[in-house]
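Examination of the molecular architecture
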Amino acid sequence: MTESHTPPPPAGMSGSPGPLMRIIKNQALAFLLVGGVNTALGTAWFIVFQLLIGEQYGYHAAIVLGYLCNVLCAFAMYRYLVFRVRGHFFKDLVRFFIVNFGAFVANISLMTVAVSLLHFPPIPSQLVVTAIMAVASFFGYRDFSFRRKTTT
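You'll find the chain entered in an unreviewed UniProt entry as GtrA family protein, with Rhodococcus sovatensis given as the organism. For the record of the chain, the UniProt heading Sequence similarities (unreviewed entry) holds the text "Belongs to the GtrA family."

What follows is the structure, given as structure tokens:
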């Protein structure tokens, strides 16, 4: 009989595995999947707002509105579907927001360079910037937002 072993959560996180672990047995892979869904959702929000109000208010407004629509959903999905960490709800939320807001500021900065200085179109620029931010955010969430002190 082979012993089933679920790898420990990344970065010293604690708590029982989330429901997504019933389908995907690797927590790091589940983390990446949720990140991909959130990245796609955030990008979709940007595109929707860019198409709805971009001509009138500019791409910066589309980025802000897309960010606001996506941040709490992303937090909930990571916290409840992937890691199921216990306690520290507001501490986790603040840390998540710090990482997310850092990515948001970097997003606006990179978009300003791409669109306003280099004159690239907003939607393809956002797709490239999103890919860069997804990689950076993964490490921030893993190593900071949901990190728990390891107990020995």
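Moving on, we come to the UniProt feature "transmembrane region" (unreviewed entry) in the chain. If you check UniProt for "transmembrane region" (unreviewed entry), the listed places come out as residues 29-53, 59-81, 93-117 and 123-141 in our numbering. This span, residues 29-53, is 100% helix and 0% strand, and a straight line between its end C-alpha atoms measures 36 Å. Secondary structure over residues 59-81 splits into 100% helix and 0% strand, and the C-alpha atoms at its two ends are 31 Å apart.

This brings us to the packing of aromatic side chains. What the rule picks out here adds up to nine aromatic pairs. With a centroid separation of 5.7 Å and an interplanar angle of 20°, the aromatic rings of W45 and F49 are classed as stacked. With W45 and F49 both in helix α1 (residues 27-57), this residue pair falls four residues apart, about one helical turn. By relative accessible area, F49 is classed as buried at 15%. Taking the centre distance of 5.5 Å and the plane angle of 20° together, the rings of F97 and F101 count as stacked. Of this pair, F97 and F101 both sit in helix α3 (residues 89-117), separated by four residues, roughly a single helical turn. Above the plane of the ring of F144 lies R95, whose end atom (NZ or CZ) is 4.8 Å from the centre.

Ranked by size, the top nonpolar core spans 31 residues in total, and within it Y78, F96 and M111 carry the most contacts. Of all elements in the fold, only α1, α2 (59-83), α3 and α4 (122-145) reach the threshold of two or more residues within this core. It is α2 that provides the largest number of residues to this core, a total of 10 residues. Apart from residues no more than four positions distant in its own chain, F96 is found in contact with V71, A74, F75, Y78, Y141, S145 and F146.

For the structure shown, the criterion picks out one salt bridge. Between R79 and D92 there is a salt bridge, and its shortest N-O distance comes to 2.4 Å. Of this pair, R79 sits in helix α2 while D92 sits in helix α3, placing them 13 residues apart in sequence.

Turning our eyes to something else, we now look at the side chain of T43. Relative to the helices and strands, T43 resides in helix α1. Sequence-distant contacts of T43, defined by excluding residues within four places in its chain, comprise L127 and T130.

All right, on to the environment of G36 then. Residue position: G36 is located in helix α1. For G36, a relative accessible area of 37% gives the class partly exposed. Taking the C-alpha atoms as reference points, G36 and A134, separated by 98 residues in sequence, lie 7.9 Å from one another.

It is worth spelling out the packing of α3 against α4 at this point. Relative placement of two packed helices is described by the angle separating their axes and the distance separating the axes. The interhelical angle for the contact between α3 and α4, taken along N-to-C directions, is 155°, at an axis separation of 9 Å. Overall, the two elements α3 and α4 adopt an arrangement that is roughly antiparallel. In terms of crossing hand, the pair formed by α3 and α4 is right-handed. A breakdown of the residues in the contact of α3 with α4 according to their chemical character gives 14 nonpolar, seven polar and two charged.

Quick notes on the rules
- Residues numbered from 1 in each chain as written.
- Predicted model: local features only at pLDDT ≥ 70, side-chain atom pairs only at ≥ 80, totals over all residues.
- Heavy atoms only, no water.
- UniProt positions renumbered as here; feature names shortened; annotations may be inferred.
- Helix = DSSP H or I, 4+ residues; strand = E, 2+ residues; numbered from the N terminus.
- Phe/Tyr/Trp six-rings, centres within 6.5 Å; stacked < 30°, edge-to-face > 60°.
- Buried < 20%, exposed > 50% of the residue type's maximum accessible area, 1.4 Å probe, protein only.
- Lys NZ or Arg CZ within 6 Å of the ring centre and 35° of its normal.
- Core = buried A, V, L, I, M, F, W, Y, C linked by side-chain atoms within 4.5 Å.
- Contact = heavy atoms within 4.5 Å.
- Salt bridge = Lys/Arg side-chain N within 4 Å of Asp/Glu carboxyl O.
- Axes fitted to C-alpha atoms, helices over the stretch in contact; angles between N-to-C directions.
- Parallel < 35°, antiparallel > 145°, perpendicular 65-115°, else oblique.
- Left-handed = near helix turned anticlockwise from the far one by under 90°.
- Nonpolar A, V, L, I, M, F, W, Y, C, P; charged D, E, K, R; others polar.

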